[in-house]
Amino acid sequence: MMEGISVLHEIRLDHVLRRVRASGARRVLDLGCGSGLLLHRLAVETQFDSVVGLETCPRALTKARQLLADHPQGPFPHLRLINGSYTEPQPALRDYDVAVMVETIEHVKPNLLSAVEQSVFGQMRPRVVYLTTPNREYNPLFGLHPGEFREADHKFEWDRARFGQWAHGVARRNGYRVVLGGIGDQDPELGPPTQTAYFSIVD
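Counting restarts for each chain, with residues numbered from 1 along the sequence as it is written. In keeping with the model being predicted, local features are shown solely for residues with a pLDDT of at least 70 and side-chain atom pairs are shown and tallied solely at 80 or more, while totals for entire chains, interfaces and linings include all residues. Side-chain figures throughout are based on the complete set of non-hydrogen atoms in the structure, without hydrogens or water.

With respect to the packing of aromatic side chains
As a reminder, the rule being used: Centre distance within 6.5 Å is the pairing criterion for rings of Phe, Tyr and Trp, where only the six-membered ring of Trp is used; planes under 30 degrees apart are then read as stacked, over 60 as edge-to-face, and the remainder as tilted. Whether a charge sits over a ring comes down to the Lys NZ or Arg CZ being within 6 Å of the ring centre and within 35 degrees of the ring normal.
By the definition in use, this model includes 9 aromatic pairs. Between Trp158 and Phe163, the aromatic rings sit 6.0 Å apart at their centres with planes inclined by 35°, giving tilted as the arrangement. Positioned above the aromatic ring of Tyr130 is the side chain of Arg19, whose terminal nitrogen or guanidinium carbon lies 5.0 Å from the ring centre. Note that Arg27 overlies the ring of Tyr96, its terminal NZ or CZ placed 3.9 Å from the centroid.

Right, dumping it as structure tokens:
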């Protein structure tokens, strides 16, 4: 099961990088950047003038710094790491071209989701937000039992209907449009292992 999820994560990161590239972004936020696996990819892309990783866990941030320090194409003066949370106001991170949130929102306590919405979509207001999260319906194909999460730290995992309800509500309330999608091998009944939401601001 873990091997399948690990392979999926590599596919997911490559997919997200392609979507960020295709958006034409110059300034990119990685919200909940973890140990820096996506930053490792973003750092070498000449398209990007500014890349910021925001992470609340100091241990993960230390791993990200080390990963980037060991990168054979470094150093990267256009890349910044910040210890902080996207559940709180981050006025210095307003108006970026793209913010990505890769497998991070499910680590947030449900009672803080309104704070996430206010901070990311209401205050930071990137032109595009690209978000990925597990599709709970797919979990049996990873050998998980009902109610079992893919990671112990997950606070929830949404099915497609619940995710769509949340994403459309966020878009409507904050002046974005949203397109739902998925990453990974699609099951005809259970959908994709990863579900995605591509939010773009309404001018």
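Here we look at the sheet that holds strand S5 (residues 128-134)
Applicable threshold: When DSSP locates at least two bridges between a pair of strands, those strands are taken to pair. Here a strand is any run of E in DSSP of at least two residues, a helix any run of H or I of at least four, and the numbering for each starts at the N terminus. Interaxial angles span 0 to 180 degrees and are taken between N-to-C directions of axes, which are lines fitted to C-alpha atoms, for helices over the stretch in contact.
An order of S3-S2-S1-S4-S5-S7-S6 is seen for the 7 strands of this open sheet, with the pairing classed as mixed. What marks the edges here is a single partner per strand, and that holds for strand S3 (79-83) and strand S6 (176-183). Here the strands of the sheet are splayed against their neighbours by 15° on average, with no regard to which way each runs. The sheet contact formed by S6 and strand S7 (residues 194-201) spans 8 bridges and is antiparallel.

Overview of helix H4 (residues 113-124)
Definition in use: Helix span, expected: 1.5 Å multiplied by one less than the number of residues in the helix. Residue exposure (1.4 Å probe, protein chains only): buried if accessible area is under 20% of the type maximum, exposed if over 50%, otherwise partly exposed. By the convention used here, residues are in contact when the closest approach between their heavy atoms is within 4.5 Å.
In this model H4 runs 15 Å from its N-terminal to its C-terminal C-alpha over 12 residues, within 8% of the 16 Å that 1.5 Å per residue would give. Among all positions of H4, only Leu113, Val116, Glu117, Ser119, Val120, Phe121 and Met124 are buried. Against strand S1 (27-31), strand S4 (98-102), S5, helix H5 (160-174), S6 and S7 lie the buried residues of H4. Immediately downstream of H4, the backbone of Arg125 shows phi near 50°, a positive value.

Considering the pairing of S1
Of all the 5 residues making up S1, 4 are buried; the element is thus mostly covered by neighbouring parts of the structure. Sheet analysis places S1 next to strand S2 (residues 50-55), joined by 5 bridges and oriented parallel. Following the sheet pairing, Leu31 is matched in S2 by Leu54. With 3 bridges joining them, S1 and S4 adopt parallel strand pairing. Paired with Leu29 across the two strands is Ala99, which belongs to S4.

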